[in-house]
Amino acid sequence: MTNTLKIDALVVGGGIAGMQASLDLADQGYQVALVEKNPSVGGMMAGLSKVFPTLDCCSCITTPKMSAVAHHANISLMTYSEVQSVMGNEGDYQVRVMKKPRYVIEDECSGCRSCEMVCPLDLPDYDNEYGRGAHRVIYVPFSTAVPQKALIDIDNCIYCGKCLKACTTNAIDFAQQPEYVNIETTSIVLATGYKTTPYDAKKEYGGGRLRNVVHGMMVERLLAPTGAYGRQLRPSDGRQPDNIAYVQCAGSRDLTLGVDYCSRVCCMYAIKQAMLLAGALPMADITIYYMDIRAFGKGYEQFYENAKAMGIQFVKGKVARITEDENQNPILRVELIDQNSRVVERKHDLAVLSVGMLPGFDPNSMYGVPVDKDGFIKAPNPNISPTLTMREGIFATGTATGPMDIVDSIITAGAVAAEAAAYIQSHNGHRQLVAEQTERSVTHA
Amino acid sequence: MPEKDESQAKPREEPRIGVYVCNCGGNIGNVVACDNVARVLGKLPNVVTSHSHMFMCSDPGQNLIIDDIKEKGVNRVVIGACSLFLHEQTFRSAVERAGLNPYLYYHVGLREQVSWVHHDNPKEATDKATRMMMGGIAKARYMRPLEPVRLDAGKHALVIGGGVAGLRSALDIARRGLQVTLIEKSHYLGGHMAQWERVFPTHQKARVLLKELIERVLAEPNITIHTGAQVVRTQGYVGNFQIKIRQEPRGVHGAFPNEQEAVAVCPIKQRREFDYGLSTRKAIYRAYNGCVPESLVIDWENCTKCGECVKVAPEGMINLNEEAREFDLKVGAVVLATGFKPYEPLYGEMGWKEFPEVITLAQLHRLLDDEGPSDGKFYWNGHPVRDVAIIHCVGSRQIEGVHRPQPDGNVNNYCSRVCCTASMSMAALIRQKAPDAKVYDIYEDIRTYGRGHEDYYRNAGKEQVTFLRYFAEEIPEVMRADESADRPLLVKVKDHLTWGETIELPVDLVVLATGMMPNPVDDLIGMFKVSPGNDRFLLEVHPKLRPVETAVNGIVLAGTAQGPMNIQESCAAAGAAASKVAALLIQGEVELEPFVAVVDPERCNGSGKCIEHCPQEEALTLETFTENGRTFQRAVVTPANCNGCGVCAGVCPNRAIDVAGWRLDEFEAMVEAITDEIPAMEGAI
Amino acid sequence: MTITDKEAAQKRTAMLADLRKERREKVEHAQSLLKGQQAVRKTLSRVMQGEPRSIPEIAAATNLPPHEVLWHITAMKKYGEVVEDGMDEDFAFYLYRLAKEPIHE
Ligand SMILES: Cc1cc2nc3c(=O)[nH]c(=O)nc-3n(C[C@H](O)[C@H](O)[C@H](O)COP(=O)(O)OP(=O)(O)OC[C@H]3O[C@@H](n4cnc5c(N)ncnc54)[C@H](O)[C@@H]3O)c2cc1C
Ligand SMILES: Cc1cc2nc3c(=O)[nH]c(=O)nc-3n(C[C@H](O)[C@H](O)[C@H](O)COP(=O)(O)OP(=O)(O)OC[C@H]3O[C@@H](n4cnc5c(N)ncnc54)[C@H](O)[C@@H]3O)c2cc1C
């Protein structure tokens, strides 16, 4: 089955940047389609606990936006969908989108999760809990997912039929096939986001090998009220940690990994997590090993000062290696930059790698949009027009254009909406409301 | 228009109230026993259903409300959650989607008003939450459907400030088909960007980039620009601001061939602001060559009107008797893009003003500029500069009690965000211009955070810049070197890259990487009733939810008026501001809250008391009516001008005027309910 | 059950059988996962009959690695089969026990 959709803007990627860009375009009266490859919108932000610098609960910021994109009259939301091909010319793109089969009919599913409750097999939840939690073979991705619809991990299904019986709306369809939607659009906004640097990339740090070496996103899940443990536990044995180390620049500013840039958020999220952990585990010692603390944003320096005042230890040092003792306590070998590079060993019971950001997607082959040497989308005029790409009619926003935090992602989403709107306006022959032109004058009085 | 009211006291349908208590992911739930609160409230009369939920604002949470409205016939909604600033709109739209009037929902703040402030006393907090919710439920019994006030909006925006942010937002708004007026206080466009030699992260010539932007702005038919212009008065509200602009005369009109001569004959010599005093100018001058508008301008403050320039200029070119002019604008929205000013160090702060060899980073930019006062040669006092120390965080990341406060008592405890990369970029430029120079970089943390910024840091290392690290508590000292020394200054630093040793650096020049301060805009703050934050930059409503909007509807922020930003960030913010303006004005209509005064025609006897006490201009008038042959006077509300303060309701002798959505009967019911007995519950904690 | 319901049920059973046949390899793999899980859960349920216990205690009693126990307990907690019940004396570990009646969210 194939449908055709005529729109003004196609937004690819439903993280905070893509959602905000969609809303800002739709609020101006433009028709938008938002395509997200995952079963829910929200992106990385949906997995965070509380967010710096305001310490708002992250869900309070993101879930309403998730809901808004699903309900906005001018937005067609396509989750669990991927762009298959992009054809046509500047200002007139033909895009083919595949909706992957959920094996659950979206319009029928009420999200009641009766199916999930009767499904017999638990699988590690890699997508949302980094393997620390579980979901069933048929499942709703997470409690605040939008849409709140089940899907089946078909490769792990034994076809026992329990879900079929439990479903009250006959929504399950094992024979479901991919559906295709043809989209004709004036503009495209790439908001394909980031992924974190793999925490096992730097072998010396033991990520993936040492059980109590975790990464920043895992700690977000430890701190989130909806996280798998619902507690702050270390993965090896479920103990509450009481001596936690943060290793900054684990996968950023590191030429050996080919990531020579700063990932911009890790200082702040480490400080944030340290404060939240200190709140949840008042007895715990927390040390942050860093090269430079980059608390540059509005209100960020004060946030850093608050953390110091709370007793979080900041040690200027480069962690060279992490090993573990017989109780699986990580032992950090640290070069203390502040002390003429003296090398010491420090024992902790949980080590967090402050992993950085890598581009989430390379749009070159599909969209003809090249990336820069850092792998993020190349900007022809980064100072004045930060959301342009090398291809006319295609724009980029959020972390697809380089590491940034939520505030900056939201700002660039507003900017991309302005840039795309102006493009659509000129392309669609001022078919929208055009203000009467008045005589232009630069007055010098 | 708000509904005409027939029955002041009685709601007209049986209230069926849905009650929802949000845990806010633990923000509320970890203190307030939300499940219990919901259960207790479920027992109150008219409450049809009562829930507690992890995240009411999430889609599942909203669907709960929608389902209850559709399936359980709920016709009043009371939600206890975070602050209504955050999610009132979210819940209103959910209620509306279910087919209910969005004003039949009331929001109780259980986070800011309860859980956050009483986190040390969960029991009392739970009690307070319950009572506040009881108040909300009592109000809900009296709530009536309301309609927002809809008004025509001018499809015209005013941008204040012609720096890169103002230019960029003007362009984005105009490209959307709206009219834009841009006013700039100085006599040229571009703001600070025009002063920089090269800009990171592209290492492009700043004025080349700027020129491209200005040309695009000039080519845009929807934009009108006034330089030398400032706002002097404002009135009105979103969609309909009336603004009076005052434009200082330029005195010179257009270019003429012997301009140089006209300048040369001027007897007045002044410090050239554009070069931060590194050069001088006349009282007839041009900010810099190539500026827009490009004609010369008279410095009225210092011009003695001697007329020498007039004599040499072609007839009519220069008018020293030109008057300022004032004119009115009607606009739907305003963008504040008033920018920043560099921090001015205090006398003696790291040698500032005490030693002439101490300059700021902004001055260094001018010094290294090919078109600057020394034609880009790295000379100071006529001698080539050899060794330089750059000191970071001057006027940024200050600590109370450690740093000397400014005259107004403030210290700048924020990071200025651009100085690190700007310093790295300049350090490398120095090494290019003076390959033998030693450059010392004295920092706290190097914050080259942005895309491409780290390259500048690495490059500085490659250029053999020497780094030293100080702690804020131990500010480096700059002093005069011995007569015999061959470097005039000595910088003393306790360096934490080498065991905290104190190191003395003999240098020719000290560069203070001064941070950013907001441009002083107290007048605009007063006129538009926007607020500055603790850092004195203009304050947004919420850094994530509404990052470029102010608390005043229709007034948005762009660029460094809001906080330190680089050019890229200023332009992104400007685009975001333009998006908000476009969304607001493109329909030609704005909606205002319906919480405005309403007059009960039965009771109003035209006493005029309300008008006497109304603090708003033109919100209330006394009008004469004739009905059935009887002529009488009655108060009439102009909703657009009413801010719903309720003073009128307090002074009316006949209880004939009230505020829609906040009527006296609602208040009375709330007060009574809050002090009421909490229903008993088995098993309640 | 009416006739049509019965027919539908039969049809469903046949369809599922067909699917299992068609995707034999994957189904067999999933079935082996399920068997493994059932075996672990049985052991866990056995040792968790009495007082609430910590992850290391359960691990010691079952001879399973503690991180694996933690994963299973986490899963069982999510689906209401296990509940958290207090902490150990040192406030280092949470204690878990079987839910009296599996609560469904
Ligand atoms: C551990 C950690 C903690 C953090 N904490 C904070 C914090 O406290 N405060 C803060 O401000 N920031 C924080 N951040 C940063 C924050 O996560 C990001 O700034 C933000 O999520 C970026 O949003 P985005 O929309 O650009 O990208 P993403 O969230 O990555 O969204 C991109 C979306 O696009 C989708 N997508 C990708 N490719 C395609 C494709 N080809 N087709 C369709 N869809 C596609 C993805 O599935 C995803 O949903 C943190 C980051 C980390 C790693
Ligand atoms: C030393 C230094 C070096 C820098 N180097 C770089 C760099 O290399 N790369 C980079 O990206 N960024 C750099 N920056 C930052 C950059 O200068 C700013 O991001 C940018 O100039 C901000 O633009 P703006 O429009 O917000 O403010 P401004 O440039 O300050 O413009 C504001 C404008 O508003 C006008 N105005 C003020 N008040 C009023 C009023 N009441 N009415 C009307 N008009 C008014 C002002 O006259 C001014 O023209 C540097 C900053 C400094 C201090």
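Residues numbered from 1 in each chain as written. Chains lettered and ligands numbered in written order. Predicted model: local features only at pLDDT ≥ 70, side-chain atom pairs only at ≥ 80, totals over all residues. Heavy atoms only, no water.

Enquirer: Got a minute to help me understand the interface of chain A and chain B in this structure?
Expert: Often, the extent of an interface is quoted as the loss of accessible area upon association of its parts. In this complex, chain A contributes 91 residues to the contact, which on the side of chain B involves 100 residues. At the surface where chain A touches chain B, the tally comes to 14 salt bridges. As a salt-bridge pair, A:D408 and B:R417 come within 3.1 Å of each other at their nearest N and O atoms. At the junction of chain A with chain B, the criterion picks out 45 residue pairs in polar contact (both at pLDDT 80 or more). At the level of secondary structure, the elements contributing two or more residues to the side of chain A that touches chain B comprise α1 (16-26), β3 (50-51), β4 (56-57), α2 (58-71), α8 (300-309), α10 (406-427) and β23 (442-443) of chain A. Among the elements that make up the side of chain A that touches chain B, the one with the highest residue count is α10(A) (14 residues). (Contact = heavy atoms within 4.5 Å. Salt bridge = Lys/Arg side-chain N within 4 Å of Asp/Glu carboxyl O. Polar contact = N/O pair within 3.5 Å; in protein donor to acceptor, adjacent residues only side chain to side chain. Helix = DSSP H or I, 4+ residues; strand = E, 2+ residues; numbered from the N terminus.)

Enquirer: I'm lost on the interface of chain A and chain C in this one. Help?
Expert: Each partner contributes residues to the interface: chain A has 37 residues there, and chain C has 36 residues. Between chain A and chain C the total buried area reaches about 3,300 Å² when both faces are included, carbon and sulfur atoms providing 57% of it. Taken as a group, A:M117, A:I158 and A:Y159 account for 20% of the area that chain A buries against chain C, more than any other trio of residues on that side. One salt bridge connects C:R41 with A:D122, and the closest N-O pair in it is separated by 2.8 Å. Where chain A packs against chain C, one counts 19 residue pairs in polar contact (both at pLDDT 80 or more). Going through the elements one at a time, α3 (114-118), β8 (122-125), β9 (133-136) and α5 (162-166) of chain A are the ones with two or more residues in the side of chain A that touches chain C. With four residues, the top contributor of residues to the side of chain A that touches chain C is β9(A). For the side of chain A that touches chain C, the class distribution of residues is 17 nonpolar, eight polar and twelve charged. (Buried area = accessible area lost by both parts, 1.4 Å probe. Nonpolar A, V, L, I, M, F, W, Y, C, P; charged D, E, K, R; others polar.)

Enquirer: Just to check I follow, could you spell out the pairing of strand β7 (residues 92-99) of chain A for this structure?
Expert: The two faces of the sheet receive side chains in turn, since in a regular strand these alternate between them. All names here are of chain A. Bridge count for strand β6 (residues 81-89) against β7 is eight bridges, and the pairing is antiparallel. The residue of β7 that forms the bridge with N89 is D92. In this structure, the hairpin formed by β6 and β7 is closed by a connection of two residues, where G91 is found at a positive phi of approximately 85°. Summarising the sheet, β7 and strand β12 (residues 179-190) pair through seven bridges and their orientation is antiparallel. The residue bridging V95 from the neighbouring strand is I183, located in β12. (Pairing = 2+ DSSP bridges.)

Enquirer: Is there a simple way to think about the domain arrangement of chain B in this case?
Expert: According to the domain assignment, chain B contains domain 1 (14-146), domain 2 (156-248 + 325-339 + 523-589), domain 3 (259-312), domain 4 (342-517) and domain 5 (593-660). Look at where the C-alpha atoms of domain 1 of chain B and domain 3 of chain B centre, and you get two points 65 Å apart. (Domains from an automatic or database assignment.)

Enquirer: Help me understand the site of ligand 1 in this model?
Expert: Residues and elements named next belong to chain A. Inspection of the region around ligand 1 gives 36 residues, with E36, Y194, K272, T399 and M404 positioned closest. Take N38: an N or O atom from its side chain is 3.3 Å from an oxygen atom of ligand 1. Within the backbone of A191, a nitrogen or oxygen atom sits 3.5 Å from an oxygen atom of ligand 1. The fraction of the free accessible surface of ligand 1 (1,000 Å²) that becomes covered by protein chains is 97%. (Near = heavy atom within 4 Å. Areas by Shrake-Rupley, 256 points an atom, 1.4 Å probe, with all protein chains shown as cover.)

Enquirer: Help me understand the pattern of salt bridges in this model?
Expert: When charged atoms on two side chains of opposite charge get close, those side chains can pair. The full count for this structure, using the stated rule, is 80 salt bridges over all chains. Put simply, C:E22 and C:R23 hold a salt bridge, and the shortest N to O gap is 3.9 Å. Using a relative accessible area of 26% as the deciding quantity, one classes C:R23 as partly exposed. Overlapping salt bridges bring together A:E301, A:D338, B:R397, B:D445, B:R447 and B:R469 as one network. (Buried < 20%, exposed > 50% of the residue type's maximum accessible area, 1.4 Å probe, protein only.)

Enquirer: Looking at this structure, how should I read the site of ligand 2?
Expert: Close to ligand 2 lie 37 residues, the nearest being B:E184, B:H192, B:W196, B:T560 and B:M565. Nearby residues place ligand 2 at the junction of chains A and B. B:K185 has a polar backbone atom sitting 3.0 Å from a nitrogen atom of ligand 2. When ligand 2 sits alone it has 990 Å² of accessible area, and the protein chains cover 97% of it. With three residues, the single largest contributor to the shell around ligand 2 is helix α10 (residues 361-368) of chain B. Tallied by class, residues from the shell around ligand 2 come to 19 nonpolar, 15 polar and three charged. The two domains that each donate at least three residues to the shell around ligand 2 are domain 2 (156-248 + 325-339 + 523-589) and domain 4 (342-517) of chain B.

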